Amino acid sequence: MASPNPQAAVSFLTNLARAAVSLGLSATILNSSLYTVDGGQRAVLFDRFRGVLPTTVSEGTHFLIPWLQKPFIFDIRTRPHTFSSVSGTKDLQMVNLTLRVLSRPDVGKLPEIYQRLGLEYDEKVLPSIGNEVLKAVVAQFNADQLLTDRPRVSQLVRESLVRRAKDFNILLDDVAITHLSYGAEFSKAVEQKQVAQQEAERSKFVVMKAEQERRAAIIRAEGESESAKLISDATAAAGTGLIELRRIEASKENAATMSRNSNVVYLPNGNQMLLGLNPNR
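Overview of the structure.

The rules behind the values
- Residues numbered from 1 in each chain as written.
- Predicted model: local features only at pLDDT ≥ 70, side-chain atom pairs only at ≥ 80, totals over all residues.
- Heavy atoms only, no water.
- Core = buried A, V, L, I, M, F, W, Y, C linked by side-chain atoms within 4.5 Å.
- Buried < 20%, exposed > 50% of the residue type's maximum accessible area, 1.4 Å probe, protein only.
- Helix = DSSP H or I, 4+ residues; strand = E, 2+ residues; numbered from the N terminus.
- Contact = heavy atoms within 4.5 Å.
- Expected span 1.5 Å × (residues − 1).
- Arc of directions from axis to C-beta.
- Salt bridge = Lys/Arg side-chain N within 4 Å of Asp/Glu carboxyl O.
- Axes fitted to C-alpha atoms, helices over the stretch in contact; angles between N-to-C directions.
- Parallel < 35°, antiparallel > 145°, perpendicular 65-115°, else oblique.
- Left-handed = near helix turned anticlockwise from the far one by under 90°.
- Pairing = 2+ DSSP bridges.

For the rest of this paragraph, the subject is the nonpolar core. Membership of the largest hydrophobic core comes to 35 residues, with the highest contact counts inside it found for L99, L146, V157, L161 and I170. Examining the composition of this core, we find that eight residues originate from one element, helix α3 (residues 121–138), more than from any other. Residues in contact with V157, not counting those within four places in the same chain, are L99, V133, L134, V137, V175 and I177. The next biggest cluster of nonpolar side chains, apart from the first, holds seven residues, and it includes Y35, A43, L45 and L64.

Here it is in structure tokens:
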């Protein structure tokens, strides 16, 4: 039986190692030549020779030239942002407002956004322009108007902020004032005003009640005077018969009331206290 050739075995292993290295290198190059853009994302390519390419790459798997090109992924879905601002009103009152916006980038302007602002474009732009717009709008109103005319305030904030964000290629889907509070001095002044209004209303009610009572007293006095006049005229015309009639009616009413009371005891006139005894015996 012939022994195996050592040189053939070494050659086979060498070729196998070369094939494995080539395959690994090819897989590495292929993997570095592919990149994936997920749903809700867009990509911008940076080329070492040409800079940021003007086209936006959509969703899917795409090819690039390794080392020469590099992708930057943008999230184009609407995202919420909340920030607060302390602003002065027209009547020099300090107001604390909280604003919530829903923003997304203009997809067609992503290369320009990357060149000017980078990937964190919203964090760099929205807080600054939000504070600027809030201060400019709030300064047009008095402190109490921010409550009584809140829809108009919100509309002005929305229109101004959308216009300013568009200068940076940022689109705003919604802008809302979620919180509004006043300083301690203004809150105390409002409370004192409410107390004063309540006291004024109470005083007004007391005055109205006194006026009604005065009118009722006048009407009652006029009625009694008229009644006395009628009685006087009737007495002058018919004598004292009417007075006697009133006295008899009052006596009958008193007697009827007392007769129904078991605690009332009737005693005869004079000093005779024994009833049913013959004084001659």
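With 18 residues, α3 should cover 26 Å at 1.5 Å per step; its first-to-last C-alpha distance of 26 Å lies within 8% of that length. For α3, the full list of buried residues reads Y121, D122, V125, L126, I129, G130, V133, L134, V137 and V138. Taken down its axis, α3 places every buried residue within 150° of arc, on the same side.

This part covers the pattern of salt bridges. The final tally for this structure, using the stated rule, is twelve salt bridges. The partner of D47 in a salt bridge is R50, and the shortest N-O contact between them spans 3.7 Å. Salt-bridge contacts for E211 lead to R215; the nearest nitrogen and oxygen are separated by 3.2 Å. Residue E211 and its partner R215 are located together in helix α6 (residues 184–238), separated by four residues, close to a single helical turn. Relative accessible area serves as the criterion here: at 45%, R215 is assigned to the partly exposed category.

Two elements in contact, α3 and helix α5 (residues 150–166), have axes whose closest approach is 9 Å; the angle formed by their N-to-C orientations is 140°. Classed by the angle they form, the pair α3 and α5 counts as oblique. In this structure, α3 crosses over α5, and the sense of that crossing is right-handed. Residues I129, G130, E132, V133, L134 and V137 of α3 form the contact with α5, whose own contacting residues are V153, L156, V157, S160, L161, R164 and A165.

On to the sheet that holds strand β6 (residues 79–88), then. Across the sheet, which stays open at both edges, the three strands sit in the order β6-β7-β8 with antiparallel pairing between neighbours. Single-partner strands in this sheet number two, and they are β6 and β8 (170–182). The sheet shows a mean angle of 20° between the axes of neighbouring strands, taken without regard to direction. In this structure, strand β7 (residues 94–105) lies alongside β8, joined through eleven bridges in antiparallel fashion. Residue L102 lies in a different strand from β8, and its bridge partner there is D174. The strands touched by α3 are β6, β7 and β8; relative to β6, the strand with the most contacts, the crossing angle is about 35°. Contacting β7 and β8, α5 runs over the sheet at an angle of about 140° to β8.

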